[in-house]
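# What the coordinates show
One letter stands for each residue in the lines below.
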Amino acid sequence: MQILLANPRGFCAGVIRAIDVVEQALRIYGKPIYVYHEIVHNNYVIQNLCKQGVIFIENLKEVPDNSVLIFSAHGVSQKIKLEAQTSNFNVIFDATCPLVTKIHNAVLRANITGSEIIVIGHHDHPEIKGTIGQYNNIKNGGIYLIESTEDALKLIVKDANNLRFVTQTTLSVQETSTIIKVLRKRFPKILGPSTNNICFASTNRQEAVRILATKVELILVIGSIHSSNAKSLIQLAQQLTKSAKLIDSVNDIKKDWIKGVNSIGITAGASVPDILVHKVIDYLSKINVNNCTIHELSGKKEKFVFPKESIIKTFNI
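What counts and how
Residues numbered from 1 in each chain as written. Predicted model: local features only at pLDDT ≥ 70, side-chain atom pairs only at ≥ 80, totals over all residues. Heavy atoms only, no water. Helix = DSSP H or I, 4+ residues; strand = E, 2+ residues; numbered from the N terminus. Buried < 20%, exposed > 50% of the residue type's maximum accessible area, 1.4 Å probe, protein only. Pairing = 2+ DSSP bridges. Axes fitted to C-alpha atoms, helices over the stretch in contact; angles between N-to-C directions. Contact = heavy atoms within 4.5 Å. 1 Å grid on protein atoms, 1.4 Å probe; cavity = no way out; pocket = protein on both sides within 12 Å on 5 of 7 lines; lining within 4 Å. Points joined across faces, edges and corners; volume = space filled by probe spheres on them. Nonpolar A, V, L, I, M, F, W, Y, C, P; charged D, E, K, R; others polar. Disulfide = S-S within 2.5 Å. Salt bridge = Lys/Arg side-chain N within 4 Å of Asp/Glu carboxyl O. Arc of directions from axis to C-beta. Polar contact = N/O pair within 3.5 Å; in protein donor to acceptor, adjacent residues only side chain to side chain.

### Concerning the environment of Leu82
Considering the arrangement of structural elements, one finds Leu82 in helix α3 (residues 78-85). Given a relative accessible area of 51%, Leu82 falls into the exposed group. It is 17 Å that separates the C-alpha atoms of Leu82 and Pro126, two residues lying 44 residues apart in sequence.

### Some remarks on the sheet that holds strand β11 (residues 263-268)
An order of β10-β9-β11-β1-β12 is seen for the five strands of this open sheet, with the pairing classed as parallel. Pairing within the sheet leaves two strands with one partner each, and these edge strands are β10 (244-247) and β12 (293-296). In this sheet, adjacent strand axes meet at a mean angle of 20 degrees when their direction is disregarded. As paired elements, strand β9 (residues 218-222) and β11 share five bridges and run parallel to each other. Counted as the bridge partner of Ile222 is Ala268 from β11. Packed onto the sheet, helix α8 (residues 200-213) meets β1 (2-5), β9 and β11 and runs at close to 180 degrees relative to β11. Along the sheet, helix α11 (residues 274-287) contacts β1, β9, β10, β11 and β12; its crossing angle with β11, the most-contacted strand, is approximately 165 degrees.

### A short note on the layout of surface pockets
Taken as a whole, the largest pocket encloses approximately 510 Å³ of empty space. In terms of residue count, the dominant contributor to the lining of the largest pocket is helix α9 (residues 228-240) (four residues). Taken together, the residues of the lining of the largest pocket break down into seven nonpolar, 16 polar and seven charged.

### Some remarks on the state of the cysteines
Tallied over the entire structure, the rule returns zero disulfides. Not part of a disulfide, Cys199 finds its nearest cysteine sulfur in Cys12, a span of 5.9 Å. On the accessibility criterion, Cys199 (12% relative accessible area) is buried.

### Focus on the pattern of salt bridges
Scanning the entire structure with this criterion turns up four salt bridges. Across the salt bridge formed by Glu296 and Arg9, the nearest N and O atoms sit 3.0 Å from each other. You can see Glu296 sitting in strand β12 and its partner Arg9 sitting in the loop between β1 and α1 (13-29), a full 287 residues away along the chain. A relative accessible area of 16% means that Arg9 is categorised as buried. Notably, a salt bridge pairs Lys81 with Asp94, separated by 3.7 Å at the nearest N-O pair. Placement of Lys81 in helix α3 and of Asp94 in strand β5 (residues 91-94) is noted, with a sequence separation of 13 residues between them. Accessibility expressed as a relative area gives 15% for Asp94, which makes it buried. One salt-bridge network, held together by shared partners, links Arg9, Asp274 and Glu296.

### Focus on helix α2 (residues 43-52)
If you check which residues of α2 are buried, you get Val45, Ile46 and Leu49. Buried residues of α2, viewed axially, fall in a sector of 95 degrees; they line one side. What points out from α2, more than 90 degrees from its buried face, is the exposed set Gln47 and Lys51. Of the residues that open α2, the one with a side-chain oxygen 3.1 Å from the backbone nitrogen of Tyr44 is Asn42. With its phi angle positive at about 110 degrees, Gly53 sits one or two positions after the end of α2.

Here it is, written out as structure tokens:
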């Protein structure tokens, strides 16, 4: 059996930064630390942090007075920020990915100028809830959420001459590009990024899957069902190959999937630690002890990291 590893795969810079915020807070303040929403969408990461004394909540009323609170990498609405700032918490840290913050700022500018804004993304995703929550100028403008080309074709806005768009950072590059083309055709004066707001990590991992799909019979995408970027990877893999499976961990692999398969590709969503990749490799290697080769594709190297400045200087709101 030949095992090919997509490159890049796994943790992105924003995820590394968010986890670092939590770990620094634990070192400085000790447990418990409260995090609004899962810091990233990965069960292994969440369970590991819980063991260290992190408590994940979905309502700020669950946080006791004088506690330490952290906002997740997905970002939060202005309403949640205000509620946190007016509560009796000891300290508040913001682990929002800077690329998400950039989108928040675009929505805030639209809110201030009275421009209408279209948000392309998944309605149930926390990043989208936080993004939409930056806008409250309903009287002079409007904010619209669309998820598909069908939505883009049916959308009715108040003023097509004062219109902008942003996108979720973890969407399918191909699908989002199609939606944007529809918007630009329907609303020629619409303003927005030259292509989309999909982050470099999501874009690079999707391109790596395209390469991987040309070389293997089966693709295993490691990632949570709740992870938007993992969903984008598995959807793309299933479009490109006859067989692609989304797994949360090695425990999800079924032997029937790999029976008679000579080449398997492995990739991982941006919230997945490398240890989960290695566990899958170890499992597959044990099945084919005497006939297994492992190769990592060259791919695009990601050298960018967000600066790890002092948590107190950088993340305190």
